[in-house]
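# Structural overview
Given next are the chains, with one letter for each unit.
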Amino acid sequence: MPIAPENPVYDIVNQVADEQREEYFASGWWHSIDLGNGIVTPGAHKLGELQENFARFNLPADLTGKRVLDIGCWDGFYSFEAERRGAEVVAMDCWQPEKFFIAHEALNSRIQFHELSVYEVTPQRLGTFDIVFFLGVLYHLRHPLLALERVCAVTREFALLESHVIDNARDTTYPNMEFYEWDELGGQYDNWWGPNSACMLQMTRAAGFARVEALRPQLSRNVLKAYRRWADWPAEAQSSLHLRAATNAIHFQPQTPVSGRHAFLALWVDGLPAEVTREQLRVEIGGYGCAPYFAGPSLKADGTLDCVQVNVPVPPGLSAGTTPVRLCFGNQTSNEVSAQLVTGSEW
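The following refers to the structure shown. (Residues numbered from 1 in each chain as written. Predicted model: local features only at pLDDT ≥ 70, side-chain atom pairs only at ≥ 80, totals over all residues. Heavy atoms only, no water.)

### Re the pattern of salt bridges
Definition in use: Any Lys or Arg side-chain nitrogen found within 4 Å of a carboxyl oxygen on Asp or Glu counts as a salt bridge. Relative accessibility decides the category of a residue: with a 1.4 Å probe and only protein chains considered, values under 20% of the type maximum give buried, values over 50% give exposed, and everything between is partly exposed. Secondary structure is summarised from DSSP: a helix means a run of H or I of at least four residues, a strand means a run of E of at least two, and numbering begins at the N terminus for each.
Counting across every chain of the model gives 13 salt bridges. Linking Arg-85 and Glu-81 is a salt bridge whose minimum nitrogen-to-oxygen distance equals 3.1 Å. An identical accessibility class is assigned to Arg-85 and Glu-81; each is buried. Residue Glu-162 pairs with Arg-221 through a salt bridge whose shortest N-O separation is 2.7 Å. Of this pair, Glu-162 sits in strand E7 (residues 155-164) while Arg-221 sits in strand E11 (residues 221-227); the two residues are 59 residues apart in sequence, bridging distant segments of the chain. Residue Arg-221 is classed as partly exposed on the basis of its relative accessible area, which comes to 26%. Taken together, the shared-partner salt bridges connect Glu-81, Arg-84 and Arg-85 into one network.

Next up, the structure:
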């Protein structure tokens, strides 16, 4: 028999899940959707609740010209709301949600639907998107970090991520995540993981997003807004840093894989203090922000400082070929150099 975690928060989570299931089975609708002419579908999640959730995303009222992907769309409230605001929307789920197609027809929607797993999401298959919704999916996945990498690879501006979290169930000082072998969470066999908010945030950055902010931290749920670019790149920067080259960080050759386990660049920089830390640096590769995982002095044969070496992961979603690289330290920026990215098949 599965053993439920001993914490009152699970009693609340499981009770809410039971109530939602009862409403869902009674109506067949997960989302309440306004179909017009006074018709609102009787979803387990009410229209006011969903509208409030959408408002917290702080999206423009007019999304004309934006391309949006909704991963795990279910009945499609978030897809249809983005389309109502003018976006070109692609929706997907790992099954054929019947109620989505009912609403799609009733709304005369032009949304494209794909039956896909999140692990199948690639720029080659779907293209890229200004905004990606990844709501209520993460904790259902056996491979959450891989899924976040897939999400990052197709995101141009930012993604909105929502998940169950365990902030009232475990120590939140350090990032950690629970594993559910059976139906410990909400009585569902497809709930696999419960991260705390710190873990969810750090995993999102590790997947390739430059920066992440929490929009709705709660004891058992959190919503993150994850951006591909830095917010504070100096508009009128002092170009006082000299970036010599960007090479493969494994064997220091001029080519580096764009994907794979060892997709890292080494940057060789003049003008940085020897004691600079990785937290003080921001790097852009192919226009996407990425956080260094190493910064340290590179010494000459006589032991004196030659330059500073900065190692960074190649951000997801870049194509093979020549891509620009630059670096920022405070209000100082470097020149731009090119890195030659390859497919990474050798790795």
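### Focus: the environment of Leu-63
The condition that has to hold: Should any heavy atoms of two residues lie within 4.5 Å, those residues are counted as being in contact.
Relative to the assigned elements, Leu-63 resides in the loop between helix H2 (47-55) and strand E3 (67-71). Since its relative accessible area comes to 1%, Leu-63 is described here as buried. Put simply, Leu-63 and Glu-88 are 25 residues apart on the chain and 8.5 Å apart in space, counted from C-alpha to C-alpha. Other than its neighbours up to four places away in sequence, Leu-63 contacts Ala-82, Arg-85, Gly-86, Ala-87 and Ile-131.

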